[in-house]
Structures are given as C-alpha cells and as structure tokens.
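Examination of the molecular architecture
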Amino acid sequence: MTDQQHTRNFAIIAHIDHGKSTLADRMIQLCEGVSERDMREQFLDNMDLERERGITIKAQTVRLTYRARDGQAYTFNVIDTPGHVDFSYEVSRSLKACEGCILLVDASQGVEAQTLANVYLALDHDLEIIPVLNKVDLPAADPERVMQEIEDVIGLDATDALLISAKTGQGVEDVTESIVQRIPPPAGDPQAPLKALLVDSWYDQYMGVIVLTRVMEGRVKPGTQIRMLGTRALHDVNEVGTFQPARTKGEVLGPGDLGYIISGIKDIDEAQVGDTITDEKNPCAKPLEGYKPSVPVVFCGLFPASTEDYEQLRDALGKLRLNDSSFQFEPENSPALGFGFRCGFLGLLHLEIVQERLEREYDLDLITTAPSVIYRVMKTNGEMVELHNPTDMPDRMHIEAIEEPWIRATILVPDTYLGNVLKLCEDRRGIQQDLTYAGDRAMVVYQLPLNEVVYDFYDRLKSITSGYASFDYQMEGYHEGDLVKLDILVNQERVDALALIVHRSQAEGRGRAVCEKLKELIPRQLFKVAIQAAIGGKVVARETVPAVRKDVTAKCYGGDVTRKRKLLEKQKEGKKKMRQFGKVEIPQSAFLAALKMDDQ
Amino acid sequence: MTAAPAPAFEAPASEAGSHRAPDPGFGVYVHWPFCLKKCPYCDFNSHVRNAVDHDLWRRSLLAELDHYASETAGRRVSSIFFGGGTPSLMAPATAQALIDRIAERFDLADDAEITLEANPTSVEAEKFARFRQAGVNRVSLGVQALDDRALAFLGRQHSADEALAAVELARKAFPRISFDLITARPGMTPASWAGELARALEEGPEHISIYQLTIEPGTPFHASWRRGELDLPDDETQSAIFEATGQTLAARGLNAYEVSNHAVPGAESRHNLTYWRYGDYLGIGPGAHGRLTLGGVKHATRQHSAPEAWLESVGTHGHATRARDPLAADQKRQEITLMGLRLAEGIHRDAFVRELGAQPEALFEAGRLDALREAGYLTLDAQRLAATAAGRLRLNAVIDHLLG
Ligand SMILES: Nc1nc2c(ncn2[C@@H]2O[C@H](COP(=O)(O)OP(=O)(O)OP(=O)(O)O)[C@@H](O)[C@H]2O)c(=O)[nH]1
Ligand SMILES: C[S@@+](CC[C@H](N)C(=O)[O-])C[C@H]1O[C@@H](n2cnc3c(N)ncnc32)[C@H](O)[C@@H]1O
Ligand code: SF4
Ligand SMILES: [Mg+2]
C-alpha cells in the first residue's frame, strides 16, 4: 500500500495521434520503469494490432515512481487512453479511476473533435485538467494559435499550458512537476470497509481472470474474501499487485492504488467492469456509482468460416468481451452463413478491431456481414419491432413506418475544406445545426442519419480533407425515414448476408455501387457470375463477372503426379477462405468490403 | 496357347473413338541428374558437378534397375525414357548397358520407344550416333527458343543456329525427334511468338512440346519475379498465344493430343502417354518417381533425389527408395483425373474401372459434373470423360471444381 499523500492518479487524454502513448514512454523512461534495452516506442501499445496500426485501442495502466524536484518520491498511476472516437468508452472508464488528467493537444494541429469530447468527459468527472501542447518540435507547430483555440473552442484557461515535445523529451519534467503540484492526492480511509472499482478485466491463459481495480477505501490483500456487489460473486484473493509496467506482486492494495487482483475467477461473467468489489467479512454499505453501460450503435453478423468453429467462436467472444465490455453479442442464424452471432459495436473501427482480434488472438476465420444500425419498424398491427438485421425486415405489407437513428455530429476542419465537408454532409442527408469559426478553422454541427455514417463516412471525411478534419458524434434520437431493403443476388440467389437497408432516394445508386464493388471483389471463376441488386423484387443494378479466360499449367508433366496432387490439396486449403453460393465462391472479405464505398 | 500380345502402343483415339480403353503400356524412366549449368527457370532435379564418375553411375543405375526388376520382372516394357537433368551428358555406354539390362530382365517390346532428352549443343550432337547404336530411337531436344536474346535470358548454353543445327543432326541420326519450346516469356507478343513458331515449323517436326514459362519457387526467376523484374505476358496474351499455337500446329497436322504436346497422328510420345493414361511406370535414378502395381495395389515410389545420397544408398542397399506408398482410392481418383484430362482423348471409362472399380458417375459429385458439362468444359459419353478445348484452356480450375 502506498502513501496516499504521495500518490497521483491521472490519465493522458487527447485526440487521436496527438502523442499520448509517446508521452507515456517519456514518463516511463524518466522514472526508469523499463530498462533502456527493453524500451520501444509506444511501449504501452502492446497488442500486435496496436503496434501495426500505430493507435491505442485499450487503455493501459502503469505505476511509476517519480522523484520530484522537492526531493520526494511520488507514485504515479498513469493511464494511457485511446484517442479514436470508437474507443471513448475506454476513456470514460479510465477517468473514474483518476483525480486528474493531462490534456494533450498537438501544437501543429490544434483542438480536434476528440479533444473536445474528451475534455467534456473529464469535466463530467470533476477532474483537474492540465493542458499541454505537444509536438512543439515540429516546424508547423503554432502554440500561440492553439492556445487561443483552447480558450475559444474549449473555454479552458490556457495561460499555464505547458509546451513540450514528447518525442524529444523537451518539457516532460515540467509536466511531471505539474502533476505533483496540481493533481490532488487520492482521498479514502484505509480503515474503512473495502470499496474498489472494477476498472478492467481480462483472461490470462495461466492465471485465469485478472481484474484491474481502483481502490477507493479500505484494503485488499491475499486471503481477503471479496464479494462483487453487482454479480454477487464471491472469491478468495490469491494475489494482488501493480503494473510497473511489468506485472509485479505486492502485499496489499489500499486507497488510491490502481492494481490487479487474481482470485481464481473462472466464470468470466462474474467479473463485470464497473462492479464494486468489497470485503465479504466487512462489506461497504453502498456500491460505487459504476459505469454507464455503453450503447452499441453498429451491428453486424460474425460467422465462423467453417461451421465446426461455432463453439470456439462463442468461447472467444466471451473472453474478448471480458476485456472489452463495449461490444455485445447474441446468437444468430443465417440461411447463407449458418450459425453465428449478431454483434453490436461502438463504431466501424471497433468492429474491425474486434474482428481482427478474434482472428488473431483466437485463431478463427470469420465472415463479417454488412454493418447495420437498429431500425424501429412500426407494424400495421400497432406492434413496434427493433430491427438489428436487415434480413429480419417484415413484409412491406405489414409495415406502417420505419424509424432510423440520428446522430449529432461535430466536425472541426480548416475552412479551406469546409465546402467539401458541407457537401458530404448534405449528400448524406444531413441537416446543418451550427457553424462557427475559431481563427481559420470551422466547427460544424450536423444532424445525420447514423446509417449514412457507419460504413465509410469517417474514411470519406478524411480523404476529402486530406486528413485535416476531425469528427465526433452523439446519439440523438429516432426519426421516420423512407427506407427500403436492398437485396443482393448472386446468380439469382439472394445472399442474405449482403442485404442492407437504405434510404429510397439512394437505393439505386447504392445498389449499383455494391454490384460494381462485388464485381471487383469476386475473383473470376470457371462460371460466369451474375450480380444483381433488387428492391422488393425489382432489379435496379446488375454486373457480370466473366468466367476465367485461362488457367492451365502448360509445363513439362513428368511422372511426378504426387506433386500435382499436393498442389491440388493446397488449393483446397486456400478455398476455405471462400464461401460457396451454388457454383459461385465469394471471398469472405467481400461481405464487409462490398459495402465500403470508394471515392467518387 | 496364349492370345497374341496386344500391340505395345496404341495411338490416341481418333474422333470416332474406340470402344476399348487403350493399353497404357509400361515404361521405365531413368533420371540423369546432371547439367553443365543450371538454367535460372528450372526446378527439375538437376545439379552441376565438376566431375562425374561414369562407371560408378552406370553400376549404380544398373543396381537400382536390378532391385526393381526382381519385383516387376517379366512385365512387357513399351517405352524407356532417359530424362534429366541432361541425359545426353551420360556416357552412351551407360544408356547401352541400361537398355540391354532392361531387355534381359523384362520383356522389352520390339517396337519399344526409347527416348533421350538432349540439349541442343554441338558437344552433344557429336554423341548422337553412339546413342543411336545403343538403341535410342527417339530424341527430345531442349531448343527452348529461336531467338538469341531469349536464349541468353533463359541462361542457355546454345544459340538459335546451334540448336537448329542440332535438330538437323538429330533428324539424321534418329528415326523420331521432338523438340521443346518455352513460350509466354517476358515481353513476348502473339506476333513475335508466331514468327518463332513458324521458324520452328520449318524443321518439319512430327512432334513438338510447347511449354509456358512457369515461375517456380526457389529458382532465380522466382526471386526476380518477386522483385517485380519479370514482365510476364498477362492472362489475355497468354490465352491468345495458347490458342494461336493450337491452331497453327493443327493446320500443319500436329494435333494437341495433350495440353502442351502436339504430334502428327502416330508420332505421340508413348512414354508420356503411359503417364497420362495412368499406367504403371518404373522410375530409377535420383528423384525418379514411379507408379507400380505390386500385389494388386498401386504404389507411388520415389527415389532419393540428392545425387550423392542416392549413390551412397544404392551402394549400401542396392536401391535408394525414399517412398513406396500404397495409394488410397481417393488419391488415385485425383491422379487419374489430373493426368487424364490433359489428354484430348480424355479418360476412358475402362480406365476408371481398371483403377477404381467404378464408373465416373459414381466417382464424381453429380452437381459438379453436370455444371461442368453444361458450361461446355467437359464431355461424358458412353466411352470417356474428356475436357473440351475450352475446358483444357482452364483445366486447373475445371479439375479443382470437379474434385471438390
Ligand atoms: N514530431 C513529433 N512527433 C510526435 C511527438 N509526439 C508523438 N509524435 C508522433 O505522433 C504519432 C502518434 O503518437 P502516439 O503517441 O501513438 O499518439 P497517441 O495519442 O497515443 O495516438 P492514439 O493512441 O492512437 O490516439 C507518432 O508517430 C509519434 O512518433 C512529438 O512531440 N513530436
Ligand atoms: C526436364 S526438362 C530437361 C530438358 C533438357 N535438360 C533441356 O533443358 O534441354 C524438360 C523441359 O521442361 C521445360 N521446362 C523446364 N523448366 C521450365 C519452366 N520453369 N517453365 C516451363 N518449361 C520448363 C523445358 O522446355 C525443358 O526442355
Ligand atoms: S532446363 Fe534442362 S539444362 Fe537447364 S537446368 Fe533444367 S534440366 Fe538442366
Ligand atoms: Mg496511443
């Protein structure tokens, strides 16, 4: 247990890529948490996916010992958070375990949409915010302008903002000193009954479920019998400790500590993030406030490529959900794809990441269907059904009206690109709510139907603004829309996994685009493939993939038939990545890729 | 007492079609694993060595032949093939000894086809007469190209003129000749190929093999190709070349009796027909493959491929067999299909019955067979299952689909 007066718990928050993980690196080095030999860039991004994509997906905690200029040693519990909008749930969870945060702003880019969104989260949690301008080493850095933006757009006093370069290390010690001086130490009575927040949990092959917790009051140590107030689960603690950043066994966790508990939890449902952990023998009176459950906004089907893997997929989804409570799943059955799961996500990147993690960490081959939002269908009999899957759309005869979810989107963009952004929003049926300027940057607020945003809005926005726009959104409510179901047929067979719901005004164009895209995605095969898009039985677009022109090995065929046979078997292996529709083989990747629109 | 022996060789069926399956024959393949220089596209079992102990090699090949002869003795041999590598580098006495030993231990047909693969350089041409004396009656020359720049690119040791001179010498020395050309080389157009093919036809070959340059893993060409340095003709050009080749040669009376082999009727390679008709063949020498029916069960055999290891093993055990595996029904089904559909004559129903005891309808899924027939890629009639011209142009995909 650490001395509370000398403990500081804080998160680093920022827009995507503004340098959070890099600043964490500098702090780790400053506090000698990792030997120089083992140090690598963005040390805390330890998932392969994070390293490959260069983004943080999971919030990570590290406990460091900082020797301050006053000569005293302080314990820092640092949480590096993700910046992308799809992972903001990670940020809000992290903030609950902190007393303060560092708000990092890229001094060359300025305030972006996620900067705003994250500041609001921090204010909601009553946290001390230290504004820091990063990347001052860049020639394009313009701290003056950005400080002004912080004041104008966020309304935060930026006169004390620190100027640093997380890359070169310049100014990093000023940040750590400010942390000591400005962020309050954690409160909480060590003698009170145990009250700890379950911040995160994950499954470890050897240790079982590991729980990350922030202790608010009381203490926990090996032997403590803990009770989860929400799930009512009861366990004996085997081990406690902290991440420094290596997992390090400790003796006890007390108020202000951010550490782990291992207690032989086998059933992953028993460790729900946001739950309150207490001591069974001396329980606390009231649970902590917990987390607001996140609300998935994008849904899609996930199916195992080979049907035998269904159980394995279920198991993997359970384990992954333990580590990411913001996605949901329930069993689903598709005529084309068999048994699988309908899954809900916070956005498209989230969907992609979950899919990739399942494939890599659990060695599964998956088919992902078109992402969809939740529609509300008012039936003629007065019933209202929530539609998570386009295939479940009731017959037109029985539909009175369909409502779709809308969002309130905030976009920040240099004004030279404003025209492009406005056009994109209008094309996507957007309704402008607000338009303001801060210097030469504009902030626009639009109401947009979520289904216009889920597939590719973010990609498009990036490309039409050369990457300069940033985007954030909140759910706003349901509105009626003239929506129709677009069916995709391959050689006259309806492929349920490719069906989608679109606005009538866009159905034809969309149908054409999907057909064109599929034509590119479906490799030429032995037989001609007809692709059609249809609305209520009426074909609105068609494309044909011609048969392969030539595919023969004209080489000296000696007596080595064995080799030919082995080649054939290898090809069969490769075919597992395809799904058979009658005579046609569709690559698994096509189910998602078909719906991403190209730049037009 | 016994019926008169069937002729050792039956030409591929004419259009009208015979009702009986042709006898696939029984061949002996001898592998000579050495070349003067390794060509950058080649992944055959060929090696460059400074010196080769010809006596030792002759004794060892004979030993391995003897080893197998004791198991297959008495079978009627319809063909012998000296392949490589570059078997024209072999001492003619070695070929002589092997042919004599085969005649001794087996029933070597009087009209047996005895082929030697040869590289078309002047050095080898000098040895033609001695190979002929040894009993070789057919030679297959690796001409590869009739364009000096292409030959240099292919890393060949001969010029176009030298190759043509070797073809003429071979023509005089042997009753039957054939030569190989490699098409679909980088930068080739249908027009440039047409010119080269026309030049080749001036030699009046009765048999010609046209191979498409295949980039094989592990070869220097593969490395250049991966670096993006080989500008291979696209699919469209390749199919144009493939189809034009078939037409040009057919107009000269050379039928594409197999995907890349063309011959005037009767001049087909009997030894290779044995492979394609899924008959038995014995393979000796480093890396040689065989298909042998032993005790009523078809086996796949393979000899050790590294030359020195092969020698050593033959020295101690009398043979260098690395694999001798009985073939399961499904493996045989795959093999007979992979080989047989390459032939214009296709696979005779009797051949399916002979190898698998069943008719094609029982061996392939009806849906797959029907789809391929409907699309015009396969035909199945009272006699045989065959790929159409369109089917042969896409044979890999057809076989893939057929076998599921
Ligand atoms: N020039 C310069 N580059 C920096 C600085 N800090 C970070 N970067 C670079 O900015 C990029 C993003 O840095 P990260 O630390 O991964 O950013 P992040 O905020 O953690 O990103 P997410 O976790 O994806 O939101 C990397 O290429 C860093 O090398 C800096 O001070 N100067
Ligand atoms: C077994 S090789 C031996 C022939 C002889 N050593 C020679 O090169 O002349 C038989 C033929 O296969 C062909 N061949 C070898 N490698 C090839 C490749 N990678 N692609 C296409 N044909 C190839 C050549 O035409 C060659 O003549
Ligand atoms: S192509 Fe012929 S000469 Fe060239 S390496 Fe291969 S076997 Fe030897
Ligand atoms: Mg990061």
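For clarity, every value in this text was computed on a predicted model and none was experimentally measured.

**Things to note about the overall build of chain B**
Secondary structure summary: chain B contains 17 helices and 15 strands in total. Counting over 404 residues, chain B shows a buried share of 48%. Here the analysis covers contacts within chain B between residues at least 6 apart in sequence; of these, 70% occur between residues at least 24 apart.

**Here's the deal with the overall build of chain A**
A tally of helices and strands in chain A yields 13 helices and 31 strands. Within chain A, buried positions represent 48% of all 600 residues.

**Brief notes about helix 13 (residues 349-356) of chain B**
All names here are of chain B. Turning to helix 13, its buried residues are R349, A351, F352 and E355. Across the axial projection of helix 13, the buried residues extend over an arc of 160°, all falling on one side. In the core, the buried residues of helix 13 are packed alongside helix 12 (329-340), strand 13 (347-348), helix 14 (360-363) and strand 15 (384-387). Trailing helix 13 by a residue or two, G357 shows a phi angle of about 65°, which is positive.

**Thoughts on the confidence of the model for chain B**
Residue and element names in this part refer to chain B. Taken residue by residue, chain B gives an average pLDDT of 93. The fraction at 70 or more is 95%. Segment residues 1-8: pLDDT under 50, and eight contacts once partners within four positions in sequence are set aside and those in other chains are kept. At the level of chain-chain contacts, confidence expressed as ipTM amounts to 0.85, with global pTM at 0.66.

**Things to note about the packing of helix 12 (residues 561-575) of chain A against helix 12 of chain B**
Two packed helices can be described by the angle between their axes and the distance between those axes. Put simply, helix 12 of chain A and helix 12 of chain B touch, their axes get as near as 10 Å, and they point 105° apart. One finds that helix 12 of chain A runs roughly perpendicular with respect to helix 12 of chain B. Note on element contacts: helix 12 of chain B touches helix 12 of chain A through B:Q331, B:Q334, B:E335, B:L338 and B:M339, opposite A:V561, A:K564, A:R565 and A:L568. Its residues placed into classes, the contact of helix 12 of chain A with helix 12 of chain B shows four nonpolar, two polar and three charged.

**Quick word on the site of ligand 1**
Surrounding ligand 1, one finds 21 residues, the nearest of these being A:G19, A:S21, A:I55, A:T56 and A:G83. Counting residues per element, the shell around ligand 1 draws most heavily on helix 1 (residues 20-30) of chain A, at three residues.

**Focus: the pairing of strand 4 (residues 138-144) of chain B**
All names here are of chain B. By the criterion of burial, strand 4 is predominantly enclosed, with seven of the seven residues buried. Burial along strand 4 is two-sided: R138, S140, G142 and Q144 facing one way and V139, L141 and V143 facing the other are all buried. Sheet topology note: the strand 3 (residues 107-118)/strand 4 ladder contains four bridges and is parallel. Bridge assignment links E117 to a residue of strand 4, and that residue is S140. Sheet topology places strand 4 next to strand 5 (residues 176-183); five bridges connect them, and they run parallel.

**So, the site of ligand 2**
The local shell around ligand 2 holds 18 residues, among which A:C556, B:G142, B:D180, B:Y211 and B:T214 are the closest. Those elements that provide at least two residues to the shell around ligand 2 are strand 2 (76-84), strand 4 and strand 5 of chain B. Grouping the amino acids of the shell around ligand 2 by side-chain chemistry returns seven nonpolar, seven polar and four charged.

**Some remarks on the sheet that holds strand 15 (residues 298-304) of chain A**
Residues and elements named next belong to chain A. Taken together, the four strands give an open sheet; going across it, the order is 16-17-15-18, and neighbouring strands pair in antiparallel fashion. Of all strands in the sheet, those with a lone pairing partner are strand 16 (328-334) and strand 18 (366-368), marking the two edges. With direction set aside, neighbouring strand axes in the sheet form an average angle of 30°. In this structure, strand 15 lies alongside strand 18, joined through three bridges in antiparallel fashion. Within the sheet, the bridge partner assigned to L302 lies in strand 18 and is T368.

**Remarks on the sheet that holds strand 13 of chain B**
All names here are of chain B. One open sheet accounts for three strands, arranged 13-15-14; its pairing is antiparallel. Since the sheet does not close on itself, it has two edges, and those belong to strand 13 and strand 14 (378-380), each with one partner. Inspection of the sheet shows strand 14 paired to strand 15 by three bridges, in the antiparallel sense. Paired with L380 across the strands is L385, a residue of strand 15.

**Description of unusual backbone geometry**
Cis geometry is adopted by the peptide bond preceding A:P245, which originates at A:Q244 and carries an omega value of -10°. On the secondary structure map, A:P245 appears in the loop between strand 11 (239-243) and strand 12 (247-250). That bond from B:G84 to B:G85 is cis: its omega, 20°, falls within 30 degrees of zero. Tracing the sequence through the fold places B:G85 in the loop between strand 2 and helix 2 (92-105). A positive phi angle, near 45°, is found at A:Q42, a position not held by glycine. Within the secondary structure, A:Q42 is located in the loop between helix 1 and helix 2 (48-53).

**Some words on the UniProt feature "binding site: GTP" (unreviewed entry) in chain A**
All names here are of chain A. Sites flagged by UniProt as "binding site: GTP" (unreviewed entry) map to D17, H18, G19, K20, S21, T22, N134, K135, V136 and D137. Judged by the 19 C-beta atoms lying within 10 Å of it, D17 falls in the partly exposed class. Along the chain, the position of V136 falls in the loop between strand 5 (128-134) and helix 5 (143-154). Judged by the 21 C-beta atoms lying within 10 Å of it, V136 falls in the buried class.

**Section: helix 1 (residues 54-72) of chain B**
Because an α-helix packs 3.6 residues into every turn, residues spaced three or four apart end up facing the same way. Residue and element names in this part refer to chain B. Between the first and last C-alpha of helix 1 there are 26 Å, a value that for 19 residues agrees with the 27 Å anticipated at 1.5 Å per step. Every buried residue of helix 1 is accounted for by W57, S60, L61, E64, L65, Y68 and A69. Buried residues belonging to helix 1 abut strand 1 (26-32), helix 2, strand 9 (280-284) and helix 11 (307-317). Immediately downstream of helix 1, the backbone of G74 shows phi near 85°, a positive value.

**A look at the nonpolar core**
One finds A:I12, A:C101, A:L103 and B:V398 to be the most contacted residues of the largest nonpolar core, which totals 272 residues. A domain-level breakdown of this core finds at least three residues from each of domain 1 (26-275) and domain 2 (345-404) of chain B. Setting aside chain neighbours within four positions, we find A:I12 in contact with A:K20, A:L23, A:A24, A:V78, A:D80, A:T81, A:C101, A:I102 and A:L104.

**Regarding the environment of B:L62**
All names here are of chain B. Within the element layout of this structure, L62 appears in helix 1. We classify L62 as partly exposed; it has 19 C-beta atoms within 10 Å. Residues L62 and R101 lie 39 residues apart in sequence; the distance between their C-alpha atoms is 7.5 Å. Those residues in contact with L62, other than ones at most four positions away along the chain, are A97, L98 and R101.

**Re the environment of A:E280**
All names here are of chain A. Examined against the element boundaries, E280 turns out to sit in the loop between strand 14 (276-279) and strand 15. Sequence-wise, E280 and Q225 are 55 residues apart; in three dimensions their C-alpha atoms are separated by 5.7 Å. When residues no more than four places from it in sequence are discounted, the contact partners of E280 are Q225, I226, R227 and L234.

**Description of the pairing of strand 31 (residues 584-587) of chain A**
All names here are of chain A. The alternating pattern of strand 31 places V584 and I586 on a buried face and E585 and P587 on a face that is not buried. Pairing between strand 30 (residues 578-581) and strand 31: four bridges, direction antiparallel. When the sheet's bridge partners are listed, F581 is paired in strand 31 with V584. Taking the residues between adjacent antiparallel strands as the criterion, strand 30 and strand 31 are bridged by two residues, where G582 takes a positive phi near 60°.

Parameters and conventions
Residues numbered from 1 in each chain as written. Chains lettered and ligands numbered in written order. Predicted model: local features only at pLDDT ≥ 70, side-chain atom pairs only at ≥ 80, totals over all residues. Helix = DSSP H or I, 4+ residues; strand = E, 2+ residues; numbered from the N terminus. Buried ≥ 20, exposed ≤ 12 C-beta atoms within 10 Å, placed from the backbone. Contact = placed C-beta atoms within 7 Å. Arc of directions from axis to C-beta. pLDDT = per-residue confidence, 0-100. Axes fitted to C-alpha atoms, helices over the stretch in contact; angles between N-to-C directions. Parallel < 35°, antiparallel > 145°, perpendicular 65-115°, else oblique. Nonpolar A, V, L, I, M, F, W, Y, C, P; charged D, E, K, R; others polar. Near = placed C-beta within 6 Å. Pairing = 2+ DSSP bridges. UniProt positions renumbered as here; feature names shortened; annotations may be inferred. Expected span 1.5 Å × (residues − 1). Core = buried A, V, L, I, M, F, W, Y, C linked by C-beta atoms within 7 Å. Domains from an automatic or database assignment.

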